[in-house]
Amino acid sequence: MPATGTGDPKVIETGVAVNITVKGIVSDEGGPVPGATVTVAGASKITVTDTNGAFTLTDIDPNATLIISSVGYATQNVQLKGRTSIRITLEQELKSISEVVVVGYGTQKRSDITGSISSVSAQALKEVPSSNLVQALQGQAPGVDIQKNGGNSHPGAVPSITIRGTRSKSASNDPLVVVDGIPYTGSIQDINVDDINTVEILKDASSTAIYGSRGANGVILVTTKRGKSGDPVITYSGYAGFSKPVRQYNVMNGEQYTQLKKWAFFNAAAAKPLYTSPDDPRIITEGAFGAQEQASLKTGRSTNWQDLIYKTGFQTNHQLGVSGGTEKTQYDIAAGYYKETGIYPGQAFTRYSLKLSIDQKLGKYVRIGLSSLNNLSYIDGENANPLGQALRASPLATPYDDATGALVGYVDGSAKQVWNPLANFVPGASIETRKRLGSFNSAYLEAKLAPGLSYRFNGGAEVRPETYGNFYAAATYNNQGSQSTANNRNSYLYNYTLENIVNYERTIAKDHHINFTGLYSLQENQTESTSFSYNNLLSDGVQYFNPAVGSNLTGSGSYAKYDLISYMGRLNYGYQDKYLLTLTLRSDGSSKLSEGRNYHFFPSAAFAWNVMQEKFMKDYTVFSNLKLRLSFGDVGNAAINPYQTQGGLSTVTYNYGGKNTIGAYPTSVPNNSLDWEYTRTLNAGLDFGLLHDRITGSIDAYREYTRNLLLPETLPPTSGIPNTILTNVGRSENIGLEININSVNIAPGSKRGFSWNTNFNINFNRGKLTALANGTTIDISNNLFVGHPISSIYDYKKMGIWQNTAADTAMAKQLGLTPLTGGQSIIGTIRVADLNGDGKIDANDRMIIGSEQPLFSGGITNRFGYKGFDFTVVASYRVGGTLTSAIYQSGSFLNTLQGNYNNLAIDYWTPTNHQNFWPKPTNAYTNTPYSSLLSYFSASYLKIRSLTMGYSLPKKWLTGIGARGLKFYATVENPFIFFSPYVNQFNGIDPESAGKLAEDTPAKYSFLFGLNLTL
């Protein structure tokens, strides 16, 4: 809307205009717009509107042009023409169709996109302070499933990420990561989130086919920040805070453990003569309880071992950057420091990062640029796990000798199975460090060859040396009093990428728009590694630095190299911006495959209809955007290791003629027909915008067919080959629906100064195996079942607990379950179903009782604003699916009910407590029969990932320090988990886990305080 104003140009008698003071009001349809930026074009003057939408600029050229911008609104340029008072009415911007999106080897307006692409902004990434990109993406995009690996929360841990389900059993399901146009093969932990500008996630075959054999699992395109023309802008962002375990594991205290231990030894019925009851004093005095335990029974002492191993963690992050440039040269430089210490002593992750980018225009037709991401990372104690010992240690024992006060070795009363976890905290006793130096560099040259015709060269090089070492003294839980051990590993990764890209763009007769992209690419990757292990070091002080002072030195090494040559052509055609067509064909040739089979083609096609461009839509003002999409194509999963088609040899040392000689023997056979996995995808989508983009979003339905699944096959013993052979024998599919909705519930600039917007996404995915080799439908050894998800759980069906009733005794006899009395009595143990009705319980009575696959999952983010304050709530959720918690299995030695170790505080069965879930304690078994059935829980939860409250200081407060912006904020990470049966009913800590939930570093919450400063 045009600006209005009053006032005459100020002139002196010579007729020369003098500078003026301009006051104005910026508003929208609802009232004033606070926080809008008002800039004088071509000058360094800038201001921000106050809570009433007002601004003042002094000493302004009367003929100057003002640029008014605000998030969510279209930018306006207003010529003053001598006016000293103006009013500007901003109109909401239809960002959903006008924003530019990175699509791989180029960019497109969102309105021209024909594939399924999700975008995540830098703002969304930083709403949850994270050490890595994967953590930051959780819950931010539909179809992207991110879970902690095994529930592990140690510093430096990288979560698992899958896009549109799991399609492979043996190959990787990780997406391809591309940074600034170059495939990235390093650790995602090495990318500083603060250096990222935008992230695009390519999901369907139309958008991923340009990456051919690496596109089946989806593609994550990362674009880092680059400089812009204008005065230098200095930015600082930082936060610091602390972290603690969400809660402690619910294990028994001294009194509870005493009762468990009495029942366990009474039920074992091993004493002679038999114990008369659980309260028989002989249970205490005849060896079931250790000396320390007996002393604790007399004094009432109870040790909380978790209190002894947990500590308060520390987390801090700092980023200092400067960017700017001229019309010809733009630059961006940033240095970062991140450190996080764990909730165990000796755990830490530290990263130093340095990022540089420069773009230079050479004349009218050539542009060059460079981007360099460099980092130095340290991960300490990545495998530290004192929890395994602490949870099993008897609460009636202590870590110290009662007489001397020295640390003990084996914990009293644990049958020499539990070592003192505090032994690893002795300085120098347990050392584990991974050091990684990374440098990822990309450069480009862009030249305009003719009208509409351009050439671009992309070059990238990545170097990543890494060293790893560990040392464990004899008196640690790793070695439990035996010889000290050490290990050294060194690895080196180097790869480069060269790309030649030709682009031709032309509009014919105004209605026909053509864009063609051609690519020739070469990528080479090399890795090498060495490893040494040894024990019985002469001095603990040497740690892992000198193998010569150890004994029994063994070593190994490896080297691998492969090349990938690619050709790609993509044609985009648009008619009147109404009908859009994308055709893509890529050919990949890989040295990993056998000669004659190493080239494959990956075609795709997509069509989109911009319904809003139709004349009949002009009267439907409720719609601001409406587009239908349809795509189909083939992509691959290049999950074959170099030389894997050629078989392998292993070395062996033997005596030959009185001398030790090294020989070799075949351990795997060649398979020249080994091929990539291929996924064919059909995708139908709808993009929409309503009420001037107050509501925007997308809906995508897809079906993926994966063929040539890589599965291991066991060779007959007569072959003499010990290893399995990897073959292409299976098929799988994923069918799903994704919904993403963005809403401006209360627009910025409302009369009360309040704003509220929401992002909501939800994903439904149903994956299953559709075929195995030779028509087989069940492969129990590999846990594969046709018609069911790859993550299926195959086990017995739990019916409850065998009760001490006449009916249960009779039923047990019918099934041939004995004995019914004595230490091995099945009464009080887990009861399973005779599924096949053959009158006995055996392996044929197992069934598929669940899978990790949820019914649906997603995320929701709410952002609130009031004048200078903002409040953001980020949540992720998961409904359905089966969680397997190893903590509740006997195999973890935490829930054995054996009485040799502490146990989860459960309401176990006794002859007078006929509960029907937890079995009886007994020292007769090492592991409770069918104990795996105790570990399955609903995986549902709603997790509040972060709560952030911030305040941005008004512009008038910043004038004195010359700042452009200053914001203070406080964040709470992982404060709440709702609607989780695992947490609410079974006292679990956190149900989030990709794969089996392990007994490792538990979930933690954090309080962080930070600021963002712009100068």
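As annotated in an unreviewed UniProt entry, the protein chain is TonB-dependent receptor from Mucilaginibacter mali. The Subcellular location (unreviewed entry) comment attached to the protein chain in UniProt states, word for word, "Cell outer membrane". Turning to the protein chain, the UniProt annotation filed under Sequence similarities (unreviewed entry) states: "Belongs to the TonB-dependent receptor family."

Each helix and strand in the protein chain was counted, giving twelve helices and 50 strands. Whereas a compact globule of 1015 residues would reach a radius of gyration of roughly 31 Å, the protein chain reaches 33 Å, a difference of no more than 12%. If you line up the protein chain on its principal axes, its C-alpha atoms span 120 × 70 × 65 Å. Each of the 1015 residues in the protein chain was classed as buried or not, and the buried ones make up 51%. The contacts in the protein chain between residues at least 6 apart in sequence include a share of 69% that link residues at least 24 apart. Accessible surface computed for the protein chain: about 43900 Å², of which carbon and sulfur atoms make up 56%. Each charge sign in the protein chain was given a centre, from 84 positive and 77 negative side chains, and these centres are 3 Å apart.

Before going further, it helps to examine empty space enclosed by the protein. The full count for this structure, using the stated rule, is six cavities of 30 Å³ or more. Approximately 430 Å³ is the volume found for the largest cavity. Lining of the largest cavity is provided by 26 residues; of these, Q135, K148, E973, N974 and K1004 occupy positions nearest its centre. Every element with two or more residues in the lining of the largest cavity is listed here: β21 (329–341), β48 (941–952), β49 (965–978) and β50 (1004–1014). Residues that form the lining of the largest cavity fall into these classes: eight nonpolar, eleven polar and seven charged.

Here we come to the sheet that holds strand β8 (residues 76–79). In space, the four strands of this open sheet follow the order β5-β4-β7-β8, with antiparallel pairing throughout. Two strands close off the open sheet at either side, each with one partner strand: β5 (46–48) and β8. Each strand axis lies, on average, 20° off the axis of its neighbour in the sheet, ignoring direction. Bridge analysis of strand β4 (residues 37–40) against β5 gives three bridges, and the strand direction is antiparallel. For V38, the partnering residue across the bridge sits in β5 and is T47.

Here the focus is the domain arrangement of the protein chain. Entries for the protein chain in the domain assignment read domain 1 (20–89) and domain 2 (251–305). For domain 1 versus domain 2, the distance between C-alpha centres works out to 79 Å.

Moving on, we come to a nonpolar patch on the surface. Among the surface-exposed residues, F516, L571, Y579, L581, L583 and F607 lie close enough to one another that they form a single nonpolar patch of about 460 Å² accessible area. Looking at which element gives the most residues to the nonpolar patch, the answer is strand β29 (residues 579–590), with three residues. By the secondary structure assignment, L581 is in strand β29.

As a further point, take the packing of aromatic side chains. According to the stated counting rule, one finds 34 aromatic pairs in the structure shown. Here the aromatic rings of W756 and F864 are separated by 5.5 Å at their centres, their planes lie at 20°, and the arrangement is stacked. Taken together, the residues span a long stretch of sequence, with W756 in strand β37 (residues 754–771) and F864 in strand β44 (residues 856–866) at a distance of 108 residues. Accessibility expressed as a relative area gives 30% for W756, which makes it partly exposed. Between F917 and F986, the aromatic rings sit 5.4 Å apart at their centres with planes inclined by 40°, giving tilted as the arrangement. Within this pair, whereas F917 is found in the loop between β46 (882–884) and β47 (936–938), its partner F986 is found in the loop between α12 (981–984) and β50, the two being separated by 69 residues in sequence.

Within this structure's numbering, the places UniProt gives as "domain: TonB-dependent receptor plug" (unreviewed entry) are residues 110–219. Strand forms 25% of residues 110–219 and helix 12%; the C-alpha atoms that close the span are 18 Å apart.

Let us now look at the side chain of N637. By secondary structure assignment, the location of N637 is in strand β31 (residues 623–637). Taking relative accessible area as the criterion, N637 reaches 8% and is therefore assigned buried.

Overall, mixed pairing links the five strands, which are arranged β12-β17-β18-β15-β16 in an open sheet. The open sheet terminates on both sides in strands that have one partner only, identified here as β12 (117–121) and β16 (182–184). Direction aside, the axes of adjacent strands within the sheet are offset by 25° on average. With three bridges joining them, strand β15 (residues 176–179) and β16 adopt antiparallel strand pairing. From the neighbouring strand, V177 faces β16, where its bridge partner is Y184.

Rules used in this analysis
Residues numbered from 1 in each chain as written. Predicted model: local features only at pLDDT ≥ 70, side-chain atom pairs only at ≥ 80, totals over all residues. Heavy atoms only, no water. UniProt positions renumbered as here; feature names shortened; annotations may be inferred. Helix = DSSP H or I, 4+ residues; strand = E, 2+ residues; numbered from the N terminus. Rg over C-alpha atoms; globule rule 2.2 N^0.38 Å. Buried < 20%, exposed > 50% of the residue type's maximum accessible area, 1.4 Å probe, protein only. Contact = heavy atoms within 4.5 Å. Areas by Shrake-Rupley, 256 points an atom, 1.4 Å probe, with all protein chains shown as cover. Lys, Arg positive; Asp, Glu negative; His and termini not counted. Charge placed at Lys NZ, Arg CZ, Asp CG, Glu CD. 1 Å grid on protein atoms, 1.4 Å probe; cavity = no way out; pocket = protein on both sides within 12 Å on 5 of 7 lines; lining within 4 Å. Points joined across faces, edges and corners; volume = space filled by probe spheres on them. Nonpolar A, V, L, I, M, F, W, Y, C, P; charged D, E, K, R; others polar. Pairing = 2+ DSSP bridges. Axes fitted to C-alpha atoms, helices over the stretch in contact; angles between N-to-C directions. Domains from an automatic or database assignment. Patch = residues over 30% accessible without salt bridge, like charges linked within 9 Å, V, L, I, M, F, W, Y side chains within 5 Å. Salt bridge = Lys/Arg side-chain N within 4 Å of Asp/Glu carboxyl O. Phe/Tyr/Trp six-rings, centres within 6.5 Å; stacked < 30°, edge-to-face > 60°.

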